[in-house]
Amino acid sequence: MILPETKRSCHRFRRSLGSAWAFTLLEVILSMAIMALLAASVYAITSSSITAARMAMDQQLVLRRLDAFLRVTRNAFLNLPGQGSVSLQLSKGKGRDAEPRLILGKVQGMFGMPSLGGASLMLAAKARADGTRTICMVRIPARLSDRELEAAMNAPGVPLLPKARKPRWSFLAGANGDGTPAWKEEWPPGSPRPLLVRLQLELDEIPDPVEAIFYIPPISAPQVEPPANDSPSPSPSPSQPPGS
Amino acid sequence: MMMSDRNHRKGEEGFTQGFTLFEVLIALAVFMLAVTGLAVALNTALQAALEVRQRSFCRAELESRLAFCQAVPPPVGSTRVLDASKNHGVKVEESLVPWPLKNRKGLEIAGLKKLTVKTTSGNQTDQAEILLNLP
């Protein structure tokens, strides 16, 4: 029970100090709770935006890499010279899965290399420690011994497309009896040029599998205009009648 | 400075006035506007990224189908359709029609056909047309 005298003295004391009313504990707790709610909402939105932006940037990077790889590979197949050859080798490494190696033989002016000096180019899916594969371009010089050839094929090469999974090359030489395309998983050295080359793979940042088809123009004899039977004669001038 | 003046403004009984309910509501509304703007901007950025991805897939599929049709063209006069559910989420329509074109001597070039390939992924559409010589 607070005596009226005590209450008055408290009031006087507050007035003498000239201070304001302080917040009660309940008000402070309520305001802190509201602040915490607002801060949590802002943190959640900011955090999710940063995560989404990072994912979008990663996907953009992978898409740009894939686009550039497909472009240079498509150009390589389109500009395959007449004497160029295409073959596929599946090498069995030590304790690893088979490494698909697409070999473009007797080529020049591909992948930005103006002259290869009779060498071949190889697109190999090199295994990485994290379980993914990197599609690399490897130059295989001509006239190598077996040991040198093995060393050249196992060279790291120039990485073109990292973080690929399950890369698979297939080739189209013709159609089945019902008209559906007949894709072949094997294309040994010495085979003729395929009509189409297909690459199927999965990329870490992209949910859907990627499938790209490359066209190889067929080799045909150069078309020349048949020579004229009679020798060319100068056309008569319009002012001159033909009989004159 | 204004907040400090406001906080220390004394009322009739000598006590400091707090914020009114109206002021608190306005402050909360402004805050919510800012947060909503942030969320809308985030959503727009994500939609743009998704759109770019769909467009890239559309273009890649278009180039692949153009390559395929050069080796295995669709029947003349009809449209070959690949459903999106069976083709990585991209719908493809391919058509081949005769394309009458004359050379400099006025003679029609035989076997010339126009190949049209149209790909659709989500709300993204891409289309390409090339001339093929298929005698």
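Thoughts on the overall build of chain A
- The number of helices and strands found in chain A is 3 helices and 8 strands.
- Taken from N to C terminus, the helices and strands of chain A fall in the order α-α-β-β-β-β-α-β-β-β-β.
- Put simply, of all contacts in chain A between residues at least 6 apart along the chain, 49% involve residues at least 24 apart.

Structural notes on the interface of chain A and chain B
- Contact with chain A, which involves 33 residues of that partner, is made by 25 residues of chain B.
- Our count for the chain A to chain B interface comes out at 1 salt bridge.
- A salt bridge links A:R74 to B:E63, with the shortest nitrogen-to-oxygen separation between them at 3.3 Å.
- Linking chain A with chain B are 4 residue pairs in polar contact (both at pLDDT 80 or more), by the criterion used here.
- Contributing elements (two or more residues each) for the side of chain A that touches chain B: helix 1 (4-17), helix 2 (25-78), strand 6 (181-184) and strand 8 (210-215) of chain A.

Concerning the pattern of salt bridges
Residues and elements named next belong to chain B.
- Applying the stated rule across the entire model yields 13 salt bridges over all chains.
- Note that R80 is salt-bridged to E94, the shortest N-O span being 2.6 Å. Linking R80 in strand 1 (residues 79-82) with E94 in strand 2 (residues 91-98), this pair joins segments that are 14 residues apart in sequence.
- By relative accessible area, which is 22% here, R80 ends up partly exposed.

Side note on the sheet that holds strand 4 (residues 124-133) of chain B
Residues and elements named next belong to chain B.
- In space, the 4 strands of this open sheet follow the order 1-2-3-4, with antiparallel pairing throughout. Each end of this open sheet is capped by a strand with a single partner; those strands are strand 1 and strand 4. Each adjacent strand pair in this sheet contributes to an overall mean axis angle of 15°, direction not counted.
- Where strand 2 and strand 3 (residues 112-121) come together, 8 bridges link them in antiparallel fashion. Across the sheet, residue E93 finds its bridge partner in strand 3, namely K118.
- In the packing of helix 2 (residues 21-71) onto the sheet, the strands contacted are strand 1, strand 2, strand 3 and strand 4, and the crossing angle to strand 4 comes to about 20°.

Focus on the environment of A:E185
Residues and elements named next belong to chain A.
- Tracing the backbone shows E185 in the loop between strand 6 and strand 7 (196-203).
- Exposure remark for E185: the relative accessible area of 39% places this residue in the partly exposed category.
- Along the chain, E185 and A53 lie 132 residues apart, while their C-alpha atoms are 39 Å from each other.
- Excluding anything up to four places from it in sequence, E185 contacts L88, R168, W169 and S170.

Focus: the nonpolar core
- Counting residues in each nonpolar core, the largest one holds 33 residues, and the members touching the most others are A:F77, A:V86, A:L102, A:W169, A:F171, A:L203 and A:F214.
- Per-element tally for this core: the top contributor is helix 2 of chain A, with 6 residues.
- For A:L102, the contacting residues outside a window of four places in its chain are A:F77, A:V86, A:S87, A:L88, A:L121, A:M122, A:L123, A:W169 and A:F171.
- Residues B:L66, B:V90, B:L115 and B:V117 belong to the second largest nonpolar core, which totals 10 residues.

Notes on the pairing of strand 2 of chain B
- Taken together, the 4 bridges between strand 1 of chain B and strand 2 of chain B define a ladder with antiparallel strand orientation. Across the sheet, the residue bridging to B:T79 is B:S95, located in strand 2 of chain B.

Quick look at the packing of aromatic side chains
Residue and element names in this part refer to chain A.
- Overall, the coordinates contain 2 aromatic pairs over all chains when judged by the stated rule.
- With 5.4 Å between their ring centres and 25° between their planes, F171 and W187 make a pair best called stacked. Pair noted here: F171 is in strand 5 (residues 158-175) and W187 is in the loop between strand 6 and strand 7, with a separation of 16 residues, a long-range link.
- The ring centre of W183 lies 4.3 Å from the NZ or CZ of R198, which sits over that ring.

Looking at the side chain of B:S121
- Turning to its location among the elements, B:S121 is positioned in strand 3.
- For B:S121, the residues in contact, after removing those within four places along its chain, are B:Q54, B:C58, B:G89 and B:V90.

Some points on a nonpolar patch on the surface
Residue and element names in this part refer to chain B.
- There is a patch of nonpolar side chains on the surface, built from F19, L21, V24, L25 and L28 and spanning about 460 Å² of accessible area.
- Relative to the elements of secondary structure, F19 occurs in the loop between helix 1 (2-7) and helix 2.
- The partly exposed category is assigned to F19, whose relative accessible area is 42%.

The rules behind each value
- Residues numbered from 1 in each chain as written.
- Chains lettered and ligands numbered in written order.
- Predicted model: local features only at pLDDT ≥ 70, side-chain atom pairs only at ≥ 80, totals over all residues.
- Heavy atoms only, no water.
- Helix = DSSP H or I, 4+ residues; strand = E, 2+ residues; numbered from the N terminus.
- Contact = heavy atoms within 4.5 Å.
- Salt bridge = Lys/Arg side-chain N within 4 Å of Asp/Glu carboxyl O.
- Polar contact = N/O pair within 3.5 Å; in protein donor to acceptor, adjacent residues only side chain to side chain.
- Buried < 20%, exposed > 50% of the residue type's maximum accessible area, 1.4 Å probe, protein only.
- Pairing = 2+ DSSP bridges.
- Axes fitted to C-alpha atoms, helices over the stretch in contact; angles between N-to-C directions.
- Core = buried A, V, L, I, M, F, W, Y, C linked by side-chain atoms within 4.5 Å.
- Phe/Tyr/Trp six-rings, centres within 6.5 Å; stacked < 30°, edge-to-face > 60°.
- Lys NZ or Arg CZ within 6 Å of the ring centre and 35° of its normal.
- Patch = residues over 30% accessible without salt bridge, like charges linked within 9 Å, V, L, I, M, F, W, Y side chains within 5 Å.
- Areas by Shrake-Rupley, 256 points an atom, 1.4 Å probe, with all protein chains shown as cover.

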